[in-house]
Amino acid sequence: MKVYVTKNYEDLSKKAATIILSQVVLNPYSVLGLATGSTPIGTYKYLVEFYKNKEIDFSNVISINLDEYKGIASENNQSYRYFMDNHLFKHINIKMENTYIPDGLASDDDKECKRYNDLITSLGGIDLQLLGIGVNGHIGFNEPSEYLEKYVHCVALSQSTIDVNSRFFNNIDEVPKYAYSMGVKNIMSSNKILLLVSGKSKAKALYDCLYGPITTMNPSSILQLHKDLTIVSDEDAFSVIKQKV
Ligand code: GLP
């Protein structure tokens, strides 16, 4: 496991983008597992900057996102498709047909999950998976639970996630109650994982992720078992570890 602690969010974003840049330079045909949420926004900003400076070429890159809200159209500005298009894809030379996100409007959950799962397999798996973490330890939308799903599944979001994500919506009733998400086996099968953690509100989650017991009640704790995990944390997110370890 490698851990980089940066001074602030800006440095975290630059470091994370540089790690992704190295991945793509070494393998221009990389399959990148991408994430949404506020944490990777700065990373995407730097990737766009690297692209504009001709330091990175996405023409052969394939991206596959972790998750998508169920019941939201791709044009809706709350969809993860909209987020990815606007923060990254529209500004770089990735081929849009090489960008994959679950279909939030799929009519048959089982079919959509199978389609997306088969897609990951047909791409030959994920070379580098970018991850954020929920304050409750969720990764993707794998919520704390008695058991964890291995593969792509439709999940009922926990009240804590609905509450936290409501900041992006006009009101809490607009927050979708379900999502499609990769399962923990999909995530853990990636060759590399890059976990980004920023801010004091995530400090306890990061401590539990790395030092807590490995339990389904904290999905992120399974990352302790990954063979090639890199964490980029800012000082705020690292504060509980600094204090306790
Ligand atoms: C969302 C996403 C996760 C993300 C997490 C943290 O619910 N499904 O993939 O990592 O929340 O988001 P943020 O970075 O905004 O704290």
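No experiment lies behind these values; they were computed from the predicted model shown. (Residues numbered from 1 in each chain as written. Predicted model: local features only at pLDDT ≥ 70, side-chain atom pairs only at ≥ 80, totals over all residues. Heavy atoms only, no water.)

Enquirer: Got a minute to help me understand the sheet that holds strand E4 (residues 67-69) in this structure?
Expert: Consider a sheet: its strands pair through backbone hydrogen bonds, and that pairing is either parallel or antiparallel. Strands sit in the order E4-E8-E7 across an open sheet of 3 strands; the sheet is antiparallel. The sheet terminates laterally at E4 and strand E7 (153-156), the two strands that pair on one side only. Averaged over all pairs of adjacent strands, the angle between strand axes in this sheet comes to 25°, irrespective of strand direction. Strand direction decides the pairing type here: E4 and strand E8 (residues 178-181), joined by 3 bridges, are antiparallel. When the bridges of E8 are listed, Glu-68 appears paired with Tyr-180. (Pairing = 2+ DSSP bridges. Helix = DSSP H or I, 4+ residues; strand = E, 2+ residues; numbered from the N terminus. Axes fitted to C-alpha atoms, helices over the stretch in contact; angles between N-to-C directions.)

Enquirer: Which parts of the structure should I look at to understand the environment of Leu-157?
Expert: Structurally, Leu-157 can be placed in the loop between E7 and helix H5 (159-165). When neighbours within four sequence positions are excluded, Leu-157 is seen to be in contact with Tyr-69, Phe-141, Glu-143, Ile-162, Pro-176, Lys-177, Tyr-178 and Ala-179. (Contact = heavy atoms within 4.5 Å.)

Enquirer: For this particular structure, what's the right way to read the pattern of salt bridges?
Expert: Side chains bearing opposite charge may pair, as long as their charged atoms lie close to each other. Tallied over the entire structure, the rule returns 8 salt bridges. As a salt-bridge pair, Glu-112 and Arg-115 come within 2.8 Å of each other at their nearest N and O atoms. Taken together, the residues span about one helical turn, with Glu-112 and Arg-115 both in helix H4 (residues 109-122) at a distance of 3 residues. Residue Glu-112 is classed as buried on the basis of its relative accessible area, which comes to 5%. Measuring nitrogen to oxygen at the nearest pair gives 2.7 Å for the salt bridge that ties Lys-204 to Asp-208. A residue pair is termed a helical-turn pair when its members lie 3 or 4 positions apart in one helix, as Lys-204 and Asp-208 do in helix H7 (residues 203-211) at 4 residues. Under the relative-accessibility criterion, Asp-208 is labelled partly exposed at 22%. (Salt bridge = Lys/Arg side-chain N within 4 Å of Asp/Glu carboxyl O. Buried < 20%, exposed > 50% of the residue type's maximum accessible area, 1.4 Å probe, protein only.)

Enquirer: In this structure, what is going on with the packing of helix H1 (residues 9-26) against helix H2 (residues 41-52)? I would like to understand it.
Expert: Helix packing for two helices is described by the angle between their axes and how far apart those axes are. Relative to each other, H1 and H2 sit at 55°, their axes nearing to 8 Å. One way to sum up the angle between H1 and H2 is to call them oblique. For H1 against H2, the interelement crossing comes out right-handed. When H1 is examined against H2, the residues Tyr-9, Glu-10, Ser-13, Lys-14, Ala-16, Ala-17, Thr-18, Ile-20 and Leu-21 are found in contact with a partner set consisting of Ile-41, Gly-42, Thr-43, Lys-45, Tyr-46, Leu-47 and Phe-50. Taken together, the residues of the contact of H1 with H2 sort by class into 9 nonpolar, 4 polar and 3 charged. (Parallel < 35°, antiparallel > 145°, perpendicular 65-115°, else oblique. Left-handed = near helix turned anticlockwise from the far one by under 90°. Nonpolar A, V, L, I, M, F, W, Y, C, P; charged D, E, K, R; others polar.)

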